[in-house]
Protein chains: 2
Amino acid sequence: MLPSHKGFRFTLITVNAEIVAVGSELLTPFRQDTNSLFLTARLNELGVEVIYKTIVGDRPDHLLEACRQAFTRAEIIIFSGGLGPTEDDLTRECVAEALGLELRRDHEMVTALYTRAANMRVKLAENNIKQADYIAGAEVLKNPRGTAPGQWLETEYEGQKRLIMLLPGPPHEMEGVFTEHCIPRLEAALPEVHLATCELKIAMVPESAADLRAAKHYKNFPGVETTILAKPGEVQLHLKARAASREEAEARLDKLAVLLEEEFAEEIFSSGGESMEQIVGYFLQMRGATLAVAESCTGGLLGERITSVPGSSRYFLGGALVYSDQLKMEFCGVPPLLLKSDGAVSRTVAAALAEGIRQRCKSSLGIGITGVAGPGGGTEEKPVGLVYIALADGKHTEVVERRFPGDRERIRWFASQLALEMLRRKLR
Amino acid sequence: MLPSHKGFRFTLITVNAEIVAVGSELLTPFRQDTNSLFLTARLNELGVEVIYKTIVGDRPDHLLEACRQAFTRAEIIIFSGGLGPTEDDLTRECVAEALGLELRRDHEMVTALYTRAANMRVKLAENNIKQADYIAGAEVLKNPRGTAPGQWLETEYEGQKRLIMLLPGPPHEMEGVFTEHCIPRLEAALPEVHLATCELKIAMVPESAADLRAAKHYKNFPGVETTILAKPGEVQLHLKARAASREEAEARLDKLAVLLEEEFAEEIFSSGGESMEQIVGYFLQMRGATLAVAESCTGGLLGERITSVPGSSRYFLGGALVYSDQLKMEFCGVPPLLLKSDGAVSRTVAAALAEGIRQRCKSSLGIGITGVAGPGGGTEEKPVGLVYIALADGKHTEVVERRFPGDRERIRWFASQLALEMLRRKLR
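Nothing here was measured: the structure is a model prediction, and the numbers come from that model. (Residues numbered from 1 in each chain as written. Chains lettered and ligands numbered in written order. Predicted model: local features only at pLDDT ≥ 70, side-chain atom pairs only at ≥ 80, totals over all residues.)

## Let's talk about the overall build of chain A
Scanning chain A from terminus to terminus reveals 13 helices and 17 strands. The C-alpha radius of gyration of chain A comes to 28 Å, more than 25% above the 22 Å expected for a compact globule of 428 residues. The C-alpha extent of chain A, read off along each of the three principal axes, is 85 × 60 × 40 Å. Expressed as a percentage of the 428 residues in chain A, the buried residues total 46%. If you take every contact in chain A between residues at least 6 apart in sequence, the share linking residues at least 24 apart comes to 66%. (Helix = DSSP H or I, 4+ residues; strand = E, 2+ residues; numbered from the N terminus. Rg over C-alpha atoms; globule rule 2.2 N^0.38 Å. Buried ≥ 20, exposed ≤ 12 C-beta atoms within 10 Å, placed from the backbone. Contact = placed C-beta atoms within 7 Å.)

In structure tokens, the structure reads:
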């Protein structure tokens, strides 16, 4: 009865999509549409390019206007949000009106709503029933994680073929409906496109330097899309190539990937999407090494990052938060005279923390971090941002001095990142 | 010569704005427009409502279409991004074309660009000069943090008054130009509106329960805008009221704020925007108390959160990351027999950790956390999510048992949040 999606094929190799996030809360300073990031990733994999994102509130006039606009300019239009039972939930109604189509009621679903309410011994509020409405011609997409189902509609707008999806707003419901129902239908409706991707992560190289070094290679590969992203202490190079066959897409990508891997060589810590914490954990486990940490200015951040990886108890024993000088002596055996002569933020104290915590915890490796995270506490000799990081293995203790830029949060992040990078280089 | 913004006044009390974020990177799965959150907060304070947000790439046809669309449907249109020197930076060109206005060259700025390049002993690339172009009739807004200036334009589009701002994309440049140049001009152009705001934060109450309890009050105050936001273990009630005078706006807001403060009473931990970490730090300092922590499953997260507050060394001494059983004994003196009889994740071990670390660090208060963060390691008796948190003061040790939902990250966050909430309730 409902149209089969098999019969619907775009002839373009590059199909354009617009994502419309619906909800007045997304127009406040406090909330942001994040569904579009998930949707964009999945669409890109299918060879679909997102050309517009629109965020619109629950007002019907604004929503209607956003619908008409999107139907005019994109071939695939995906709505998220506004499918719930409240008066503010108007996506169904506005999409139908913009297309000049009727809403129909799915009687099976009405029964299901009543049964569910009866089982929960509550009276079904009248407005709940509108969740059983679908746009004439649409397929209803089951949403077992919530009450409002999604919808898939193949239609025309002003003589142009349009593929329209209505998805629930809560991220886990949206992701479920899209993955289970929309991806298979899109795969059937779209021309076969294979996407090859590669993600190279580099630690402790500034973004501008990484870009300069990468650009001299990627500018010779216009068929590979290169995106450079940076967060403190980490640069990511995302490569993407599309082709009609998997082999062709991979071949296109591989040539550039090899050049970049040569360029950055051992500076690359991950090429399969793994985080720094995961890579370090992997190396520790592979080497049968154990780790203990003594953190002063990072206050637990390094331990928190290491233990964010499931199974980290196999290589991480624990350590000490030695915020006060007293605890630097107590937990790591830092000599009081050293603290007095060199100060808590010094090369020698970092080394004593690393070797002290290693011995105390009977681990094979120990890390010590001490520094001035700011904003207060800096002096001319020991300014805000000065951090010493030491890595001890019982025979040798390596100490690195760095002056990190930025605020307290950034300085602490840089310190934890460099500590992990030192570990990685030692274990690699 | 340029039109004065003084002459331009909207007669509406509620002015509508659209924010257009320009840049192809904002249409990838990796990057998101965040400038609009800052802009929305500032616009709301001025009585301006954001009714659409559009995200568009660097393609001129798409950008032109987004310009025309925005000029049709909003009174204030703010662009961010696309003002730089590269070929992809086309906001200036497209806005001018959509309005049917010419681009003019600011010769003073051309000279400044050449001088700057000469001082840096580099040749000025030809495309850099287009940063000196402004739309006929626009005021150029200085951007000392970057090279591309902003623009402020009061004009008409299809017979309607329009206020258009072009802002640079990098957040600190955008914020600087908007704060220094646009806010004063907007204040002059817009009717005087005073905004009163209040933000109540509540810990460890589920969002649905908080909403139910809050709704019975706020539904009687249609003149106050209430937004409820939740993150794990924290619900925020944001209240906003607008009126022609500050007194009136505050009076409107206060009635509802008082009712909500009575409703939630001691569950409210902050009403001035402070974070849980700041509030706990404030109480510790006020009471002259000191704190030490022993963390097992949180692995440093609690210490990291406490030390994220500048000056936390005044009350936080440090503690131990007791991931292994050995270190639970070593650092906190947990009896080996207790670990054997009750297991590491138990009420008694949490209590022993809290009191043990307190004594060891000679602090007035000690916290111990032990639990199963998952995803592995759970048993029928001790499932994933089970956490024990203890707070010891030397006379008494309070222990709380909770089973938190969600993944590893969420469980650990909940545990740290409840530990802070226990501290707050004890110190308050």
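That was the structure; now back to the text.
## Looking at the relation of the copies chain A and chain B
When chain A is fitted to chain B, the best match, at an RMSD of 0.3 Å, comes from turning it 180° and sliding it 0.2 Å along the axis. Here the two chains are linked by the operation of a two-fold rotation axis. Taken together, the interface assignments show that 100% of the residues at the interface of chain A recur at the interface of chain B, consistent with an identical surface on both copies. (Least-squares fit on C-alpha atoms with pLDDT ≥ 70 in both.)

## A few points about the sheet that holds strand 16 (residues 386-392) of chain B
Strand order in this open sheet of 10 strands is 17(A)-16(A)-15(A)-13(A)-14(A)-14(B)-13(B)-15(B)-16(B)-17(B), and the pairing throughout is mixed. Each edge of the sheet is formed by a strand with only one pairing partner; in this case those strands are strand 17 (397-403) of chain A together with strand 17 (397-403) of chain B. The mean angle between the axes of side-by-side strands here comes to 15°, regardless of whether they run parallel or antiparallel. As defined by bridge partners, strand 13 (residues 291-295) of chain B adjoins strand 15 (residues 365-371) of chain B across five bridges and the pair is classed as parallel. From the neighbouring strand, Glu 295 of chain B faces strand 15 of chain B, where its bridge partner is Ile 369 of chain B. Relative to strand 15 of chain B, helix 12 (residues 347-361) of chain B is tilted by about 145°, and along the sheet it contacts strand 13, strand 14 (316-322), strand 15, strand 16 and strand 17 of chain B. (Pairing = 2+ DSSP bridges. Axes fitted to C-alpha atoms, helices over the stretch in contact; angles between N-to-C directions.)

## A word on the pairing of strand 11 (residues 234-243) of chain B
Residues and elements named next belong to chain B. The pairing of strand 9 (residues 194-203) with strand 11 spans 10 bridges and is classified as antiparallel. Across the sheet, the residue bridging to Leu 200 is Leu 237, located in strand 11. Bridge count for strand 10 (residues 225-231) against strand 11 is seven bridges, and the pairing is antiparallel. Looking at the pairing, Lys 231 lines up with Glu 234 of strand 11. The turn joining strand 10 and strand 11, which pair antiparallel and follow one another in sequence, is formed by two residues; a positive phi near 75° is taken by Gly 233.

## As for the packing of helix 10 (residues 325-332) of chain A against helix 12 (residues 347-361) of chain A
All names here are of chain A. Where helix 10 contacts helix 12, the axes come no closer than 8 Å and their chain directions differ by 40°. Our classification of the angle between helix 10 and helix 12 gives oblique. Here Lys 328, Phe 331 and Cys 332 of helix 10 come into contact with helix 12, specifically with Val 349, Ala 352, Leu 353, Gly 356, Ile 357 and Arg 360. Among the residues forming the contact of helix 10 with helix 12, the class breakdown is six nonpolar, one polar and two charged. (Parallel < 35°, antiparallel > 145°, perpendicular 65-115°, else oblique. Nonpolar A, V, L, I, M, F, W, Y, C, P; charged D, E, K, R; others polar.)

## What about the domain arrangement of chain A?
Entries for chain A in the domain assignment read domain 1 (5-189), domain 2 (204-270) and domain 3 (276-427). Just the C-alpha atoms count here: the centres of domain 1 of chain A and domain 3 of chain A sit 49 Å apart. (Domains from an automatic or database assignment.)

## With respect to helix 5 (residues 171-189) of chain B
One full turn of an α-helix is made of 3.6 residues, so residues set three or four places apart face in the same direction. Residue and element names in this part refer to chain B. Its axis deflected by about 40° at Cys 182, helix 5 carries its strongest bend there, up to four residues before the proline Pro 184. All of the buried residues along helix 5 are Glu 173, Met 174, Gly 176, Val 177, Phe 178, His 181, Cys 182, Leu 186 and Ala 189. Contacts made by the buried residues of helix 5 are with helix 1 (35-45), strand 3 (76-80), strand 6 (139-141), strand 7 (150-157) and strand 8 (160-167). (Bend = angle between axes of the 7 residues up to and from the residue.)

## Structural notes on the environment of Ala 203 of chain A
Residue and element names in this part refer to chain A. When you line up the elements, Ala 203 lands in strand 9 (residues 194-203). Of the residues examined, Ala 203 has 20 C-beta atoms within 10 Å and is grouped as buried. Taking the C-alpha atoms as reference points, Ala 203 and Glu 274, separated by 71 residues in sequence, lie 13 Å from one another. In this structure, Ala 203 is in contact with Gly 233, Glu 234, Phe 269, Met 276, Gln 417 and Glu 421, ignoring residues within four places of it in sequence.

## Re the pairing of strand 3 of chain B
Residue and element names in this part refer to chain B. Counting buried positions along strand 3 yields five of five residues, so the element is predominantly enclosed. The alternating pattern of strand 3 places Ile 76, Ile 78 and Ser 80 and Ile 77 and Phe 79 on opposite faces, both of which are buried. Sheet topology note: the strand 1 (residues 15-22)/strand 3 ladder contains five bridges and is parallel. Looking at the pairing, Ile 19 lines up with Ile 78 of strand 3. Here strand 3 pairs with strand 8 via five bridges, running parallel. Within strand 8, the position partnered with Ile 77 by the bridge is Ile 164.

## Digging into the nonpolar core
Ala 320, Leu 353, Ala 354 and Ala 390 of chain A together with Leu 353, Ala 354 and Ala 390 of chain B are the most contacted members of the largest nonpolar core, which totals 148 residues. Other than its neighbours up to four places away in sequence, Ala 354 of chain A contacts Ala 294, Gly 366, Ile 367, Gly 368, Ala 390, Leu 391, Ala 392 and Thr 397 of chain A. (Core = buried A, V, L, I, M, F, W, Y, C linked by C-beta atoms within 7 Å.)

## Side note on the interface of chain A and chain B
Across the boundary between the two partners, chain A contributes 53 residues, which contact 53 residues of chain B. When contributions to the side of chain A that touches chain B are tallied by element, the ones reaching two or more residues are helix 1 (35-45), strand 2 (48-56), helix 2 (60-73), strand 10 (225-231), helix 9 (301-306), strand 14 (316-321) and helix 13 (408-427) of chain A. When residues of the side of chain A that touches chain B are assigned to their parent elements, the largest contribution, seven residues, is made by strand 2 of chain A. Grouping the constituent residues of the side of chain A that touches chain B by class yields 24 nonpolar, 21 polar and eight charged. The pairing of strand 14 of chain A with strand 14 of chain B spans four bridges and is antiparallel.

## A look at the packing of helix 6 (residues 207-218) of chain B against helix 7 (residues 246-264) of chain B
Residue and element names in this part refer to chain B. In the contact formed by helix 6 and helix 7, the axes pass within 10 Å of each other and the chain directions differ by 150°. Handedness of the crossing formed by helix 6 with helix 7: right-handed. Within the contact between the two elements, helix 6 uses Arg 213, Ala 214, His 217 and Tyr 218 and helix 7 uses Leu 256, Leu 259, Leu 260 and Glu 263. Class assignment of the residues belonging to the contact of helix 6 with helix 7 gives a composition of five nonpolar, one polar and two charged. (Left-handed = near helix turned anticlockwise from the far one by under 90°.)

## Regarding the sheet that holds strand 12 (residues 268-270) of chain B
All names here are of chain B. What the four strands build is an open sheet, ordered 10-11-9-12; its pairing is antiparallel. Each edge of the sheet is formed by a strand with only one pairing partner; in this case those strands are strand 10 and strand 12. With direction set aside, neighbouring strand axes in the sheet form an average angle of 30°.

## Examining the environment of Glu 49 of chain A
Residues and elements named next belong to chain A. Mapping Glu 49 onto the fold places it in strand 2. We classify Glu 49 as partly exposed; it has 17 C-beta atoms within 10 Å. Remark: the alpha-carbon pair of Glu 49 and Gly 299, spanning 250 residues in sequence, is separated by 43 Å.

## Section: the environment of Ser 271 of chain B
All names here are of chain B. Along the chain, Ser 271 turns up in the loop between strand 12 and helix 8 (276-286). For the pair Ser 271 and Cys 198, spaced 73 residues apart in sequence, the C-alpha separation works out to 6.8 Å. With residues near it in sequence (within four places) discarded, Ser 271 still touches Cys 198, Glu 199 and Leu 200.

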